[in-house]
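Report on the structure
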Amino acid sequence: MATLVSDGDPAATRYRQAQRGLTRLLLRDVRRLRRLIIPARLQRSVPDYIGAVQQVVDQYARTSAALGAEFYDVQRSTVRATGPFTVPVASPPPEDQSESSLRWATKDLWPRDPDDPRTTDAQREPIERRLEQAYRKADAVAQKLVSDVGRATIRDAVREDRQAVAWARAAALGACAFCKMLATRGAVYGEDTVRFEAHDSCHCGPVPIFRGQRFELSAHAREWERLYREYAAPYSGDQLQRFRRALAEHGSHPLPGAH
Ligand SMILES: [Zn+2]
């Protein structure tokens, strides 16, 4: 008989919470590095900061991958999967990827000519304000880079494991409308071509589905699905907007919030 698996399973929730806990520690460490940026010496100090954040990201990405592998193993052990399988643990983001993301995060720090029409409003802000923005963006970049490695580990495993058939998105009760909308799709993500669309500060995770398992939406995802069908689906082009409103007006869980 097929066993049931759901995006609301306690193990999936525990996994998401573990990733959130990891994010908290990551951000604590990344924020400690802020003092490395010296406004009077941007040329020297911004690259130092970027390099230091990269090292922290690298280290946390390994833990994120290990958490993903552990969750996968636990889920796999609940089905009588034939044959052993070793989860291919995803690598930390390549250096050039984390570097270019962090360069993007800090790009408005550089002094610009205020009279140059290409100078944006963000670049005209006082340095304190630009620093604050850069730190905030760097936090978000680091979080996404780290969380993505955990997700990639699970998705790669699903692709390589002959006993795995699909994965489904698990979103928190407080997740944003975008994530809830994707979560209602259930186990449709078996194909390699579907990306896991995650945004900054998103803690949604994939739940692997194995042969002999039947996927069922959790009660809360079923409610999101119903709201989407009723209030959003018929309005092509405006669906996310309408879904957001429906969640706010008719949903049993608050919007927005932490993911
Ligand atoms: Zn999310």
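Coordinates for the structure precede this section.
Residues numbered from 1 in each chain as written. Predicted model: local features only at pLDDT ≥ 70, side-chain atom pairs only at ≥ 80, totals over all residues.

Here we look at the overall build of the protein chain
Spelled out, the test is: Working definition: helices are DSSP H or I runs of at least four residues, strands are E runs of at least two. Numbering for both runs from the N terminus. As a rule, residues whose C-beta atom has 12 or fewer other C-beta atoms within 10 Å are exposed, those with 20 or more are buried, and those in between are partly exposed; C-beta atoms are placed from the backbone. Residues are defined as contacting one another if the C-beta atoms placed from their backbone atoms lie within 7 Å.
Counting secondary structure elements, the protein chain contains eight helices and four strands. Counting helices and strands in the order they occur from the N terminus, the protein chain gives β-α-α-α-α-α-β-α-β-β-α-α. Its C-alpha atoms give the protein chain principal-axis dimensions of roughly 70 × 45 × 30 Å. Burial statistics for the protein chain: of 259 residues in total, 38% are counted as buried. Considering only contacts in the protein chain between residues 6 or more positions apart, those separated by 24 or more positions represent 78%.

Observations regarding the environment of Asp-121
As for its placement among the helices and strands, Asp-121 is situated in helix H4 (residues 121-124). Residue Asp-121 is classed as exposed on the basis of its 7 C-beta neighbours within 10 Å. Linking Asp-121 and Asp-108, residues 13 residues apart in sequence, is a C-alpha distance of 9.8 Å.

Some words on the environment of Gly-21
Structurally, Gly-21 can be placed in helix H1 (residues 10-32). What makes Gly-21 exposed here is the crowd of 11 C-beta atoms within 10 Å. Spatially, the C-alpha atoms of Gly-21 and Arg-222 are 27 Å apart, while their sequence positions differ by 201 residues.

Details of the packing of H1 against helix H2 (residues 42-77)
This is how the line gets drawn: Angles shown run from 0 to 180 degrees and are taken between the N-to-C directions of axes, each axis being a line fitted to C-alpha atoms and, for helices, limited to the stretch in contact. Each angle receives one of four descriptions, namely roughly parallel if under 35 degrees, roughly antiparallel if over 145, roughly perpendicular if within 65 to 115, and oblique otherwise. Each residue is assigned to one of three groups, with Ala, Val, Leu, Ile, Met, Phe, Trp, Tyr, Cys and Pro labelled nonpolar, Asp, Glu, Lys and Arg labelled charged, and all others, Gly among them, labelled polar.
Between H1 and H2, the shortest axis-to-axis distance is 10 Å and the interhelical angle comes to 170°. Between H1 and H2, the angle falls in the class roughly antiparallel. Mapping the contact onto sequence places Ala-11, Tyr-15, Ala-18, Gln-19, Leu-22, Leu-26, Asp-29 and Val-30 in H1 and Val-53, Val-56, Tyr-60, Thr-63, Ser-64, Leu-67, Phe-71, Val-74 and Gln-75 in H2. Taken together, the residues of the contact of H1 with H2 break down into 12 nonpolar, four polar and one charged.

Some details on helix H3 (residues 95-105)
Rules: Here the arc refers to the directions that run from the helix axis out to each C-beta atom.
If you check which residues of H3 are buried, you get Ser-98, Ser-101, Leu-102 and Ala-105. Looking straight down H3, one finds its buried side chains confined to an arc of 95°; they lie on one side. Along its buried surface, H3 packs onto H2 and helix H5 (127-160).

Quick word on the packing of H2 against H5
Applied cut-off: Should the near helix be turned anticlockwise from the far one by less than a right angle, the crossing is left-handed, and should it be turned clockwise, the crossing is right-handed.
Between H2 and H5, whose axes approach to 8 Å, the crossing angle comes to 30°. By crossing handedness, the relation of H2 to H5 is classed as right-handed. Contact with H2, carried on its side by Val-53, Val-57, Tyr-60, Ala-61, Ser-64, Ala-65, Leu-67, Gly-68, Ala-69, Phe-71 and Tyr-72, involves Ala-138, Ala-142, Leu-145, Val-146, Ser-147, Val-149, Gly-150, Arg-151, Thr-153, Ile-154 and Ala-157 of H5 and no other residues of that element. Grouping the amino acids of the contact of H2 with H5 by side-chain chemistry returns 16 nonpolar, five polar and one charged.

All quantities given are derived from atomic positions and should not be read as evidence of function.
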